[in-house]
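Close look at the chain arrangement
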Amino acid sequence: MRVGTTLLSICVAVRVAIAQPEGPLDSLLTTWQAQEALMRVGDPKVVSWIPLDTNLSRTRLKTLGADLPIFQDDAVADAILLFGGPRRHHTELLLGLAAPWMPMVESELREAGLSTDLKFVPLAMSAMNMQATSPNGEAGPWMLTYPVAIRYGLMVTDTIDQRYDMALSTTAAVNYLKHLTTRFGKENALLAFLCGPANLQRAIARSGNAHGIDVLYPFTDETERGRVPAFMALRYLAHYADQLGMRPVQTKSIAMDTVRTGQPVRKAAFIQVMGLDAREFTALNPELVGYNLPARTVVRVPRGRGQRFALLADSIVRTSIATAVDTALATEPLTVGYTVEPGDNLGGIAEEYGVTVAELKEWNGLESDGIRAGTILRIRMSALQVEAIEREKPKPPPKAELRKKAPPVRSRTYVVKRGDTLSGIAKRYPGVSVKDIMKHNRIGENIRAGQKLEIPKL
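First, a word on what this report is: a plain description of the structure on this page.

Here is what the cut-offs are and how they apply
- Residues numbered from 1 in each chain as written.
- Predicted model: local features only at pLDDT ≥ 70, side-chain atom pairs only at ≥ 80, totals over all residues.
- Heavy atoms only, no water.
- Helix = DSSP H or I, 4+ residues; strand = E, 2+ residues; numbered from the N terminus.
- Buried < 20%, exposed > 50% of the residue type's maximum accessible area, 1.4 Å probe, protein only.
- Salt bridge = Lys/Arg side-chain N within 4 Å of Asp/Glu carboxyl O.
- Axes fitted to C-alpha atoms, helices over the stretch in contact; angles between N-to-C directions.
- Parallel < 35°, antiparallel > 145°, perpendicular 65-115°, else oblique.
- Left-handed = near helix turned anticlockwise from the far one by under 90°.
- Contact = heavy atoms within 4.5 Å.
- Nonpolar A, V, L, I, M, F, W, Y, C, P; charged D, E, K, R; others polar.
- Polar contact = N/O pair within 3.5 Å; in protein donor to acceptor, adjacent residues only side chain to side chain.
- Phe/Tyr/Trp six-rings, centres within 6.5 Å; stacked < 30°, edge-to-face > 60°.
- 1 Å grid on protein atoms, 1.4 Å probe; cavity = no way out; pocket = protein on both sides within 12 Å on 5 of 7 lines; lining within 4 Å.
- Points joined across faces, edges and corners; volume = space filled by probe spheres on them.

What to know about unusual backbone geometry
Working note: non-glycine residues mostly have negative phi, and peptide bonds are mostly trans. The phi torsion at Met128 lies on the positive side, around 55 degrees, for a residue other than glycine. Within the secondary structure, Met128 is located in the loop between α8 (121-126) and α9 (146-151). Judged by relative accessible area, which is 4%, Met128 ranks as buried. Phi is positive for Arg296, close to 60 degrees, though the residue is something other than glycine. The topology assignment puts Arg296 in the loop between β3 (292-293) and β4 (298-302).

Printed below as a string of structure tokens:
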């Protein structure tokens, strides 16, 4: 009983202490690729794992070579326990998803004269999630910022963001790592990439000009600090996966065709006409971030769909045009006219059309709330709002009935606000008395905030 309680306490402590390092892993699990893999291999709710010896890991870490700094403090030990214990199955999935990219990343690092173990940086930064983002504006598997991406030749627009392209972002990241190594030295360059150069310089100042990633990283900002123990832990677990009994999940490669758009088309129209799964499309094309696909954009589609695109290209264009027109009609402001009737006031008109009094005054150049009967007010609304109002308007009776019946009483709805009284509400509507409101709504003198009252227009 004591052993079980102790083990549970360790797991809880690890979860609390290392909540941030596993954040990227949680984000990875929401992606299409991860969920497809978990559907095939299963995602056990209870994972059986062999307790890890952190004394052994401390010794083993020293054997990983001097070409890149490595260490184990309490946070790194906790991260090893977490990723190799309760999150073991998800770490195996991460290693499996990353495996196809490792030869390419290693080749680029080797060519740049950098340690090939830097290939584990995107595992710590984003869990190798091609769609990863951060509140600081970082994006992609290497979590590059906009300035860094532009500096190293990546395209970042409202339709294409090449930070999400693994091959292109790796080239940019390796060049950036090479620059950081020249500027800060090998050890500080790793910390500068994981946490940012400004963070590194703040850590140096806060620590009193200390040296060494193990000493400096606790002085970095909390939002990025967890990447350091995550990197050290994942580097260790990846190198000693066989000895630890960790088996990277065998992921299924996605066979694909590539097609090229002719003229610009809507991404939604492309997905719809091609009969694609929207999440699979994003997984294949993470760099296509906008609502539109620019002209001559290369698009990846599941194998066998390339021929379908050749047959349906014109349909995609037509659907795109129809979608664009519908969107424009739904959102583009329209100006309608309203003729002021006797007894009208700006508050009632604004409420009826779903706008504000301030907007009515701005659109019509009014300096006061006073309006005269017969004045035509300009009101700006979307086409959808105009259509909704038209649907709600009562249909006029036939001409024959107009001779026999008086015009129907037209009601307006007023929502009672805190502090309102019946007399105050009645004053808003010239010609309407407190008794009229009470009689029309069949209520007494007491009203409450949020209550809806029908105001008769006499």
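A look at the pattern of salt bridges
Across all of its chains, the model carries 13 salt bridges by this definition. Salt-bridge contacts for Glu106 lead to Lys119; the nearest nitrogen and oxygen are separated by 2.3 Å. Taken together, the positions of Glu106 in helix α7 (residues 102-111) and Lys119 in the loop between α7 and α8 put the pair 13 residues apart, joining distant regions of the chain. Take Lys119: its relative accessible area is 13%, and that puts it in the buried class. Note that Lys361 and Asp369 form a salt bridge whose closest N and O atoms lie 3.2 Å from each other. Via salt bridges that share partners, Glu106, Arg110 and Lys119 belong to a single interconnected network.

Observations concerning the packing of helix α10 (residues 166-184) against helix α12 (residues 197-206)
When two helices pack together, their arrangement is given by the angle between their axes and by how far apart the axes lie. Between α10 and α12, the least distance of the axes is 12 Å, while the angle of their chain directions is 25 degrees. In terms of orientation, α10 lies roughly parallel with respect to α12. Between α10 and α12 lies a crossing of right-handed hand. Along its contact with α10, which presents Tyr176, Leu180, Arg183 and Phe184, the element α12 presents Pro197, Leu200 and Gln201. The residue inventory of the contact of α10 with α12, partitioned by class, reads five nonpolar, one polar and one charged.

Here we look at helix α19 (residues 346-353)
One turn of an α-helix holds 3.6 residues; hence residues three or four places apart share an orientation. Taken together, the buried positions of α19 are occupied by Leu346, Gly348, Ile349, Ala350 and Tyr353. At the C-terminal side of α19, Gly354 shows a positive phi close to 70 degrees.

Topic: the side chain of Asn129
Structurally, the position occupied by Asn129 is in the loop between α8 and α9. A relative accessible area of 3% means that Asn129 is categorised as buried. A polar atom in the side chain of Asn129 sits 3.3 Å from the side chain of Ser27. Every residue in contact with Asn129, bar those within four places of it in the chain, is listed here: Ser27, Leu28, Thr31, Gly140 and Pro141.

Focus on the packing of aromatic side chains
Using the criterion set out here, one finds seven aromatic pairs in the structure. Considering the side-chain rings of Tyr176 and Phe193, the 5.6 Å spacing of their centres and the 50 degrees angle between planes classify their relative orientation as tilted. Of this pair, Tyr176 sits in helix α10 while Phe193 sits in helix α11 (residues 186-195), placing them 17 residues apart in sequence. When the centroid spacing of 5.7 Å and the interplanar angle of 40 degrees are considered together, the rings of Phe270 and Phe309 count as tilted. Within this pair, whereas Phe270 is found in helix α16 (residues 267-274), its partner Phe309 is found in helix α18 (residues 306-331), the two being separated by 39 residues in sequence. Under the relative-accessibility criterion, Phe309 is labelled buried at 12%.

Here's the deal with the packing of helix α3 (residues 32-41) against helix α6 (residues 88-98)
The contact between α3 and α6 brings their axes to 11 Å, and the two run at 120 degrees. With respect to their mutual orientation, α3 and α6 come out oblique. Of the two possible hands of crossing, α3 and α6 adopt the one that is right-handed. Only His89, Leu93 and Leu97 of α6 make contact with α3, whose side of the interface consists of Gln33, Ala34, Ala37, Leu38 and Val41. Partitioning the contact of α3 with α6 into residue classes produces six nonpolar, two polar and no charged.

Points about empty space enclosed by the protein
Scanning the model with the defined rule gives one cavity of 30 Å³ or more in all. A volume near 40 Å³ is recorded for the largest cavity. Along its surface, the largest cavity is lined by Pro21, Pro24, Leu25, Phe83, Leu94, Leu123, Ala124, Ala127 and Leu234. Contributing elements (two or more residues each) for the lining of the largest cavity: α2 (23-28) and α8. Here the residues of the lining of the largest cavity sort into nine nonpolar, no polar and no charged.

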